[in-house]
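Residue-level structural notes
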Amino acid sequence: MEILISLIKILVVMLVLLTCVAYLVLVERRVSAFIQNRIGPNRVGYKGLLQPVADVLKLFIKEDIVPKLANKPLHRLAPIIAIVVSLSTIAVVPFGDKINLFGYEIKLQIASVNIGILYVLALTGLGVYGIAIAGWASNNKYSLLGGLRSCAQIISYELSMGISIIGVILVTSTLQLDKIVEFQHGWRWLILLQPIGFITFFVAIFAETNRLPFDLPEAEPELVGGYHTEYTGLKFGLFFLAEYANMITGSAIVVTLYLGGWQFPYLQSSGLPEFWTSIIQVGTFAAKVGAVLLFMVIIRWTVPRFRYDQLMDLGWKFMLPLSIANVIVTAFIIYLFE
Amino acid sequence: MIPLNYYLALSAILFSIGVVGVLARRNAIIVFMSIELMLNSVNLTLVAFSAYLGNATGQMFVFFVLTVAAAEAAVGLAIIIALFRNKMTVNIDEINIMKW
Amino acid sequence: MSIDTIVFFILAATSIISAILVITRRSPIISVVYLVFNFIILAIIYLTLHAQFIAVIQVIVYAGAIMVLFLFVVMLLNLGKEEMLTEKITYKKRIAIGLAVVMSVQIIIGITTSFGEHPNQLSPLATQIGTVEHIGKVLFTQYLLPFEIASILLLAAIIGAVVLAKKRIG
């Protein structure tokens, strides 16, 4: 029974995640159109709501072209790595407390592991390979440059990400994401306790997901399409999917760590029936993630791109010292108050 | 239950593969990777002993081995880059200026 | 055969095969990919030994940092041109392989016979000592001095890497 429940949870989460990815693309296109004073896709279905279906269909029936001089096995492997890594991060994110369904108490998290956040860090570390290998295997200088840039960028920002997480761990004294959310009950959200950590972490998430202003790995004017220049059809679709799935998991982790996760202040004391409390908590989580995603989309269409050296300067000379300072200050404060 | 010997044997095999890599390959980067393989096989031994004897010391050692491996990779790869800049090769047979 | 044993044999076989592929592939970039795979398999083996922290650190440090550095260097030096490194099977290599096989047989005979009894069961404490809490406690009490020395080692490595890899101007 346990295994069955876990399988159902995985299935549901995957389905929801993939649907969200599809509609996130639509939202992104509509928002960009709004910002640029255009209309955006509005023909397929009611107000363009079926546009994602059309997009996916188009990717499916496109011809799959592999460059003649590409390294074929690696060219095929790269999108698979990217998608596996980006989809498995969601496993440790708690999207609600517990829910009673058909007499079973179900924990709304796929896996509550002892090493929680470290699992997320490990997977973001592995995410580099998909992009780097794609860049190398395409045998195209633009792809290679995109791959190398992304390698350097992700490694640089992973440091400040890891160090800002240390601040969270110091405050909550646990690595498990569900316990971190439990810690943030009421208004004890970690964004209030760790404002600097939040900023460095959020910037790092932008860099990890290759979003503007940090989208140098695929900067169109300089690198054509970056690491996925030589990808077409389904393989390109997988990269696209991985990128947007990364965005969703990234903002889910921001929400979990800093914005209180599924916590809705004063909900537990309001006396609502338990079932509805759980539903509202899941809804809260979804709303918070949606807000963060919308913020990321708006940033993408309103902020210009960094130059490569500016990106590295920001990462190493500003974000990293700032996050280290944050850890030191947090440690001192905790030491003084205990 | 799996006897401890199985883990030790696996570790020995991995170590030997690393030794073959160091002795037989001429590409400095692959030689380096074989060294990492050997370090890892030793880690496996330490973790296995730690779990079977119920003592955390083995895992502490793994932690320090990881530190050393990271330091070693940084310096070693920097040496390889410097060599490549000067001699345009990473073939360790051609890097023999120290043994005239 | 219990399910544990089957899992162990599958993991062991994959790790050995990927290790062999690491040292036999001509292109270093393929070796890097197989080595990463090998490290991830080893991390799973650590998980079967209840060493969660070591397993995740293995992935973060080895697969996520060290091997990315290797990949970076291989891509930077662009060693794809195979003619730069033609390797032949010489008599030296045959001797090397022979010696290694002898050595592994010796080690295996050694560990199975001469050291006497080995425990056949995981220690009951195994699930506790692998957790982050326990590792942290031991690391910052009993092994505090080595821990600090390790930080000096890392500092030295940073400086060394910068000095070595810097281009000399003029």
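As the structure is a computational prediction, the values presented were derived from the model and not from experiment. (Residues numbered from 1 in each chain as written. Chains lettered and ligands numbered in written order. Predicted model: local features only at pLDDT ≥ 70, side-chain atom pairs only at ≥ 80, totals over all residues.)

Once that is clear, we can look at the overall build of chain A. For chain A, the helix and strand inventory stands at 12 helices and 2 strands. Listing each helix as α and each strand as β along chain A from the N terminus yields α-α-α-β-β-α-α-α-α-α-α-α-α-α. In terms of overall size, chain A behaves like a compact globule, its C-alpha atoms giving a radius of gyration of 21 Å where 338 residues would be expected to give roughly 20 Å. Projecting the C-alpha coordinates of chain A onto the three principal axes gives extents of approximately 60 × 50 × 45 Å. Taking all 338 residues of chain A together, the buried fraction comes to 45%. (Helix = DSSP H or I, 4+ residues; strand = E, 2+ residues; numbered from the N terminus. Rg over C-alpha atoms; globule rule 2.2 N^0.38 Å. Buried ≥ 20, exposed ≤ 12 C-beta atoms within 10 Å, placed from the backbone.)

Residue and element names in this part refer to chain A. Following both chains from N to C, one finds helix 8 (residues 195-208) and helix 12 (residues 308-337) inclined at 145°, their axes separated by 9 Å at the closest point. Helix 8 and helix 12 meet at a crossing whose hand is left-handed. Between helix 8, through Ile 196, Gly 197, Thr 200, Val 203 and Ala 204, and helix 12, the contact on the second element is made entirely by Met 319, Leu 322, Ser 323 and Asn 326. When grouped by side-chain class, the residues that make up the contact of helix 8 with helix 12 number 5 nonpolar, 4 polar and no charged. (Axes fitted to C-alpha atoms, helices over the stretch in contact; angles between N-to-C directions. Left-handed = near helix turned anticlockwise from the far one by under 90°. Contact = placed C-beta atoms within 7 Å. Nonpolar A, V, L, I, M, F, W, Y, C, P; charged D, E, K, R; others polar.)

Turning next to the interface of chain C and chain A. The parts lose accessible area when they come together, and the size of an interface is often stated as this lost area. Contacts between the two partners involve 17 residues from chain C, matched on the other side by 18 residues from chain A. Where the side of chain C that touches chain A is concerned, the elements lending two or more residues are helix 2 (28-48) and helix 3 (52-77) of chain C. A per-element tally of the side of chain C that touches chain A places helix 3 of chain C first, with 12 residues. Counted by class, the side of chain C that touches chain A contains 14 nonpolar, 3 polar and no charged residues.

Time to look at the packing of helix 1 (residues 2-35) of chain A against helix 10 (residues 233-258) of chain A. Any two packed helices are characterised by how steeply their axes cross, that is the angle between the axes, and by the distance between the axes. Residues and elements named next belong to chain A. Packing of helix 1 against helix 10 leaves a shortest axis separation of 9 Å and a crossing angle of 100°. When the axes of helix 1 and helix 10 are compared, the pair comes out roughly perpendicular. Across the interface between the two elements, Leu 17, Cys 20, Val 21, Leu 24 and Val 25 of helix 1 pack against Leu 241, Tyr 244, Ala 245, Met 247 and Ile 248 of helix 10. A per-class count over the contact of helix 1 with helix 10 returns 10 nonpolar, no polar and no charged. (Parallel < 35°, antiparallel > 145°, perpendicular 65-115°, else oblique.)

An α-helical turn contains 3.6 residues, so a residue and the one three or four places further along point in the same direction. Residue and element names in this part refer to chain C. Helix length check: helix 3 (26 residues) gives 36 Å between terminal C-alpha atoms against 38 Å at 1.5 Å per residue, within 8%. The largest bend in helix 3 comes to about 30°, at Met 67. For helix 3, the buried fraction is high: 22 of the 26 residues fall into the buried class. (Expected span 1.5 Å × (residues − 1). Bend = angle between axes of the 7 residues up to and from the residue.)

Moving on, we get to the pairing of strand 1 (residues 98-101) of chain A. All names here are of chain A. Pairing of strand 1 with strand 2 (residues 104-107) involves 4 bridges; the strand directions are antiparallel. Bridge pairing in strand 2 places Asn 100 opposite Glu 105. Where strand 1 hands over to strand 2, the hairpin turn is made up of 2 residues, of which Phe 102 adopts a positive phi near 50°. (Pairing = 2+ DSSP bridges.)

Attention shifts here to the arrangement of the chains. The structure contains 2 pairs of chains in contact, of which chains B and C account for the largest number of contacts. The smallest C-alpha distance separating chain A from chain B is 14 Å, and no contact links them.

In this section: the interface of chain B and chain C. Between chain B and chain C, the residue contacts involve 62 residues of the former and 70 residues of the latter. Within the residue set of the side of chain B that touches chain C, elements represented by two or more residues are helix 1 (4-24), helix 2 (28-53) and helix 3 (57-87) of chain B. Of all the elements, helix 3 of chain B adds the most residues to the side of chain B that touches chain C, at 21 residues. Here the residues of the side of chain B that touches chain C are counted per class, giving 47 nonpolar, 12 polar and 3 charged.

The subject of this paragraph is the environment of C:Lys166. Summarising the element assignment, C:Lys166 is placed in the segment after helix 7 (144-165). Distance in space between the C-alpha atoms of C:Lys166 and C:Val73 is 14 Å, their sequence separation being 93 residues.

Here we take up unusual backbone geometry. Positive phi outside glycine occurs at A:Ser173, with the angle close to 50°. Within the secondary structure, A:Ser173 sits in the loop between helix 5 (141-172) and helix 6 (177-183). In the Ramachandran plot, C:His50 falls in the positive-phi region, its phi being about 65° despite a non-glycine side chain. Its place among the elements puts C:His50 in the loop between helix 2 and helix 3. Overall, C:His50 belongs to the buried group, with 20 C-beta atoms counted inside 10 Å.

So, on to the confidence of the model for chain C. Residues and elements named next belong to chain C. Confidence in the prediction of chain C, expressed as mean pLDDT, is 82, and 88% of residues score 70 or more. At the level of individual helices and strands, chain C shows its lowest average pLDDT in helix 5 (residues 126-129), which scores 78, and its highest in helix 1 (residues 3-24), which scores 90. Of the two predicted TM-score estimates for the complex, the pTM is 0.88 and the ipTM is 0.89. (pLDDT = per-residue confidence, 0-100.)

Residue and element names in this part refer to chain C. According to the domain assignment, chain C consists of domain 1 (3-130) and domain 2 (131-170). At the junction of the two partners, domain 1 supplies 5 residues and domain 2 supplies 4 residues. Of all the elements in the fold, those that place two or more residues in the side of domain 1 that touches domain 2 are helix 3 and helix 5. (Domains from an automatic or database assignment.)

This part covers the environment of A:Lys98. Residue and element names in this part refer to chain A. Turning to its location among the elements, Lys 98 is positioned in strand 1. Accessibility expressed as a C-beta count within 10 Å gives 15 for Lys 98, which makes it partly exposed. Remark: the alpha-carbon pair of Lys 98 and Gln 281, spanning 183 residues in sequence, is separated by 9.6 Å. When neighbours within four sequence positions are excluded, Lys 98 is seen to be in contact with Glu 105, Ile 106, Lys 107, Leu 108 and Ser 278.

Looking now at helix 11 (residues 274-302) of chain A. Here helix 11 of chain A spans 42 Å end to end across 29 residues, near enough to the 42 Å set by a 1.5 Å rise per residue. Contacts from the buried residues of helix 11 of chain A go to helix 1, strand 1 and helix 10 of chain A.

Residue and element names in this part refer to chain A. Relative to the elements of secondary structure, Trp 262 occurs in the loop between helix 10 and helix 11. For the pair formed by Trp 262 and Gly 96, sequence separation is 166 residues and the distance between their alpha carbons is 5.4 Å. Filtering out sequence-adjacent residues up to four positions away, Trp 262 remains in contact with Pro 94, Phe 95, Gly 96, Asp 97, Val 181, Gln 281, Val 282, Thr 284 and Phe 285.

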